[in-house]
Amino acid sequence: MDSMESTLTLTQRAGRAIGFRFIGSALEVTLSLGLGIFLARILPPEEFGLFGITVAIISIAELLGSFGMLRALVQRKNLTPEHQAAGVIFQCGSAIVIGGLLYVGAPAMEALFGMPGLAMVIRLQAGVLVVHSAGLLPETRLHRRLAFDRLVLIRVSDKTLGGVAAIIFAIQGSGAMALAIGSLTGATVGTFLLWVCAPGFIPLLFRPHHLRDLLSYGSGILFINVANTLAQRVDTLIIGRQVGSEAVGLYQRAFQLALLPLSQMTGPVTKVLFPAMSLIQGEQKRFQRGYLAATRLSALMAFPLLTMLGATADLLVPLVYGPMWEATVPILQILAVSGIFRLLMNVHSLVTQASGRVMAEAVRQGIWLILVAVFGFLGSYVGVLGVTIGVTLATCIFFISMTKLTLSITTIRLADWLKVMQTGLLGSTLMGLTILGMKYLLVNRLSSMLLLGVVACVGLFIYILVCRFCLTRADSELLESICGVLPSRAGDVLRSIFRITSKSPKPKVIAGASA
């Protein structure tokens, strides 16, 4: 196979994978919002706060146990059975040890945070570590094949069944334990389906030097992931220790809503492009185009969502989640701003990790963690809102540092990087100003539900109008490439909305997306 055919094959596979990831993300957003709303109507913020503290602890423990093995196995060009065996044995062993330590230490953590019932929730969640580790090998196979259609099916299935289990136990009055049971159920279903979709033998050819090969990359990924997770969880721990479980519940609700565009819109792109860009890390021009395409798509798709979320939070939260969640509004408005920095940092991490510059990112992640801890702790003296402001400030500093690193790796000029985001930035800004103006004029004339519907529709119309007139040729080519991998009707709708002609070239998600 010549190089051109190889390039087209990789591009088409990545484009198809991104299409499936977007479809899956739409389903996940629907499920997350639907299940979250239902559970929020049953359980008070205190129960979500209790579970939020548990998730923060388990997330850190799971990262320590995984040691970046999934990324290390996916990133490795020549993956041998010996490497697979080393990764599986190491991760499963680590998960069992760390899970056991959590089980034993759960009462001490309950005493530290002063939250009755925390120990039982932590002990149940410790089982998630072991269950997840059992799915490492089939998940690696699916990632390396870019089989994101199957990964989407697995993710939607485990979220659905886990959510149903959580609702059943919440109705029965299990409180935070219902959320923990739902999480464990989802993890079990997900691991089972991974093996169904990617069956195969487990190689038993362990050699220490193969483990060292993985750890040499995985150690950097571990530090990055631990620092990133700590930076995203230490605020929760600070709020839980300094303010209380109710504040944790309110903060977690706002944080999850603000991260929806990141996890469900830009997350699919970076998850697909990581294995693909790892294969072309030595080809600078294609690597640059892949990074700029991911940045451009993030701006076009996620910027308006974050703007809409922040501008309508005062109408959306009380209407959807009920009056007991109204204190979430100012937190969500601030986190919507920091969400822009977070989603762009997600794309930055794609570059540093696919190019092997993990230690350079790791250093910056460590500094970010320190800043979040310091600023968050100082902010806690004025309550949960102070923590939110402190975390946003730390995130802004980290974003600037990561932007400089990424542009140096890709040798892209700052002006060119800003240019790829101009349409998304302009459209989102005008949309936000329109929504705020209409709320000011109509707040006393319409009901909350009607006002939310009106400002959301008008804001979306303004954004589409700006895009129709301001889309650059590169924007149109990128959107056309996305239309090409979506189902035909969905692609046609997207083309008509943004007035994209069919004269654009064939899909070029990675190798040919214009800079």
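Presented here is an overview of the structure given in this document. This one's a predicted model, so the numbers in the text were calculated from it and none came from an experiment.

The rules behind these values
Residues numbered from 1 in each chain as written. Predicted model: local features only at pLDDT ≥ 70, side-chain atom pairs only at ≥ 80, totals over all residues. Heavy atoms only, no water. Axes fitted to C-alpha atoms, helices over the stretch in contact; angles between N-to-C directions. Helix = DSSP H or I, 4+ residues; strand = E, 2+ residues; numbered from the N terminus. Parallel < 35°, antiparallel > 145°, perpendicular 65-115°, else oblique. Left-handed = near helix turned anticlockwise from the far one by under 90°. Contact = heavy atoms within 4.5 Å. Nonpolar A, V, L, I, M, F, W, Y, C, P; charged D, E, K, R; others polar. Core = buried A, V, L, I, M, F, W, Y, C linked by side-chain atoms within 4.5 Å. Buried < 20%, exposed > 50% of the residue type's maximum accessible area, 1.4 Å probe, protein only.

**Quick notes on the packing of helix 6 (residues 136–144) against helix 8 (residues 176–197)**
Between helix 6 and helix 8, the least distance of the axes is 8 Å, while the angle of their chain directions is 55 degrees. Considering their axes alone, helix 6 and helix 8 lie oblique with respect to each other. Crossing of helix 6 against helix 8: the hand is left-handed. Mapping the contact onto sequence places Leu137, Pro138, Glu139, Arg141 and Leu142 in helix 6 and Leu194, Trp195 and Cys197 in helix 8. Within the contact of helix 6 with helix 8, the residues separate by chemical class into 6 nonpolar, no polar and 2 charged.

**Some remarks on the nonpolar core**
With 92 residues, the main nonpolar core has Ile53, Leu102, Tyr251, Tyr291, Leu332 and Trp417 as its most contacted residues. Contacts of Leu332, omitting those with residues within four sequence positions, involve Ala254, Leu257, Ala258, Leu309, Ala313 and Val317.

**A few points about the packing of helix 12 (residues 328–354) against helix 14 (residues 384–410)**
Where helix 12 contacts helix 14, the two axes come as close as 9 Å, and the packing angle between them is 25 degrees. Our classification of the angle between helix 12 and helix 14 gives roughly parallel. The two elements helix 12 and helix 14 meet at a crossing, and its hand is left-handed. Along the lines of polarity and charge, the residues of the contact of helix 12 with helix 14 split into 18 nonpolar, 10 polar and 1 charged.

**Looking at the environment of Ile96**
If you trace the backbone, Ile96 turns up in helix 4 (residues 81–113). Taking the C-alpha atoms as reference points, Ile96 and Gly65, 31 residues apart in sequence, are found 8.6 Å from one another.

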